[in-house]
Amino acid sequence: MPELPEVEVVRRGISRWATGRTVESVTVHDPRSLRRHALGAALDEPARLGSFTDALTHQRLLAPQRRGKFLWIPLRQGLMPAGAAAPATAAQPGSGTEPVGESLLIHLGMSGQVLIDEPSAPAQKHLKITLELGGEGSAPKQLRFIDQRIFGGMQISELVPSTHPSGSVPAAAVHIAPDPLEPGFDEETFFRALRRRKTGLKRALLDQGMISGIGNIYADEALWLARLHYLRSTQTITRAESARLLSGVKTVLLAALEAGGTSFDALYVNVNGASGYFSRSLNVYGQQGRPCPRCDTEVRRETFMNRGSHFCPKCQPGPRAARPPASGRP
């Protein structure tokens, strides 16, 4: 599943090729990709399709935003006249929960892709939604949403005030915690949240309500960098260990972002269809049976949450097993 670096790569591509363009028309090739569309969730299929296309047609796409794995494009009605002032910023955090506009929220799911294509380009096999993009003085483009496994989708979601750097987030994403690359991410708040939890360290890293953007791959890599075992109790983490973990998280996310993300197959690509190559730099994820790059101990894989956890048993010693109760003596 795409994690923060992969979603950020897609966001940058949309920003370069689609910001400022106007949606001239919308074609929904598979209505299953609209199942999260809140404005039409209670409607029958034709009405739901109409709700989505009506809400999006003639909207101007503003600069795309991201928090963790969530990607959205704020919308503004119609074209901005030449010489007009920039759009007003959203209401500042704490000013209330009143909507401040609408956005196109894009869920990549397991296999979702966003491509910017020429209108003449052949349709992809799993093409689900096409947006025809126009713009004064610009050649027409298409924003295409492709999704082989149909776990992703698009929806229109109201924007509400938030601590996000843009000042707002989609209402459908208000439960998502800040991600570690946001300027306002608070390391002390994260440490205190860890200590309040009664769970394993990796499970906490995967909780998008605590820290967003981290999935299975980057959790394993960050824990290896921090020399911490994935089953370590969050209640035993020291402030220094928390800081070391966050340093590892940021290091691996930034390195993956520089490499264009992690691609193991053709499912994850950027808006131009190119794959990322961070998979060549993985230290433990998918490296079971190979020597640890740090100490040469064989990397292990253990089943975890219907997936796997990869770690070095020497660099990342596991928590001590609970001692059996002492037997009473007569």
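One can find the structure itself at the top, above this paragraph.
Residues numbered from 1 in each chain as written. Predicted model: local features only at pLDDT ≥ 70, side-chain atom pairs only at ≥ 80, totals over all residues. Heavy atoms only, no water.

**With respect to the pairing of strand E7 (residues 127-134)**
Move 1: Burial analysis of E7 places seven of its eight residues in the buried class, the great majority of the element.
Move 2: As paired strands, strand E1 (residues 22-28) and E7 are joined by six bridges and run antiparallel to one another. Residue pairing across strands places serine 25 opposite glutamate 132, the latter belonging to E7.
Move 3: In the sheet, E7 pairs with strand E8 (residues 141-147) via six bridges, with the strands oriented antiparallel. Looking at the pairing, glutamate 132 lines up with glutamine 142 of E8.
Move 4: The antiparallel pairing of E7 with E8 creates a hairpin that spans six residues between the two strands, and glycine 137 there sits at a positive phi of about 75°. (Buried < 20%, exposed > 50% of the residue type's maximum accessible area, 1.4 Å probe, protein only. Helix = DSSP H or I, 4+ residues; strand = E, 2+ residues; numbered from the N terminus. Pairing = 2+ DSSP bridges.)

**Thoughts on the pairing of strand E6 (residues 112-117)**
Move 1: Of all six residues making up E6, six are buried, and the element is well covered by its neighbours.
Move 2: Bridge count for E6 against E8 is six bridges, and the pairing is antiparallel. Bridge pairing in E8 links isoleucine 116 to leucine 143.

**Some thoughts on the packing of aromatic side chains**
Move 1: For the structure on display, the rule yields three aromatic pairs.
Move 2: Between phenylalanine 185 and phenylalanine 190, the ring centres sit 6.2 Å apart and the planes meet at 45°, which makes this aromatic pair tilted.
Move 3: Between the aromatic rings of tyrosine 230 and phenylalanine 304, the centroid separation amounts to 5.4 Å while the plane-to-plane angle is 80°, which identifies the pairing as edge-to-face. In this pair, tyrosine 230 is assigned in the loop between helix H5 (216-226) and helix H6 (239-258) and phenylalanine 304 in strand E11 (residues 300-304), connecting sequence segments 74 residues apart. Per residue, the accessibility class of tyrosine 230 equals that of phenylalanine 304, and both read buried.
Move 4: Here a set of aromatic residues connected by ring pairs shows up, and it is made of Tyr230, Phe304 and Phe311.
Move 5: We note arginine 294 situated over the ring of tryptophan 224; from NZ or CZ to the ring centre the distance is 3.9 Å. (Phe/Tyr/Trp six-rings, centres within 6.5 Å; stacked < 30°, edge-to-face > 60°. Lys NZ or Arg CZ within 6 Å of the ring centre and 35° of its normal.)

**Looking at helix H3 (residues 187-196)**
Move 1: Residues Phe190, Phe191, Ala193 and Leu194 constitute the buried set of H3. Down the axis, H3 shows its buried residues gathered within 165° of arc, on one side only.
Move 2: Buried residues along H3 sit in contact with helix H4 (201-205) and H6. (Arc of directions from axis to C-beta. Contact = heavy atoms within 4.5 Å.)

**Comments concerning the nonpolar core**
Move 1: One finds Phe190, Leu205 and Leu245 to be the most contacted residues of the largest nonpolar core, which totals 31 residues.
Move 2: The set of elements that each furnish at least two residues to this core consists of H3, H4, H5 and H6.
Move 3: Discounting residues that sit within four places of it in the chain, phenylalanine 190 has contacts with Phe185, Leu205, Met210, Ile211, Ser242 and Leu246.
Move 4: By size, the runner-up hydrophobic cluster in this structure holds 27 residues, among which are Val28, Leu71, Leu108 and Leu143. (Core = buried A, V, L, I, M, F, W, Y, C linked by side-chain atoms within 4.5 Å.)

**Observations concerning the side chain of arginine 11**
Move 1: Along the chain, the position of arginine 11 falls in helix H1 (residues 4-18).
Move 2: If sequence neighbours within four positions are ignored, arginine 11 has contacts with Pro64, Gln65, Arg66 and Leu71.

**A look at the state of the cysteines**
Move 1: Scanning all chains against the criterion turns up zero disulfides.
Move 2: Cysteine 295 takes part in no disulfide bond, and the closest cysteine sulfur to it belongs to cysteine 312, at a distance of 3.5 Å.
Move 3: Given the relative accessible area of 23%, cysteine 295 is considered partly exposed. (Disulfide = S-S within 2.5 Å.)

**Considerations on the side chain of aspartate 117**
Move 1: Of note, aspartate 117 is situated in strand E6.
Move 2: Looking at aspartate 117, its side chain comes within polar contact range of the side chain of glutamine 124, at 2.8 Å.
Move 3: Looking at aspartate 117, its side chain comes within polar contact range of the side chain of arginine 144, at 3.4 Å. (Polar contact = N/O pair within 3.5 Å; in protein donor to acceptor, adjacent residues only side chain to side chain.)

That's the geometry; what it means functionally is another story.
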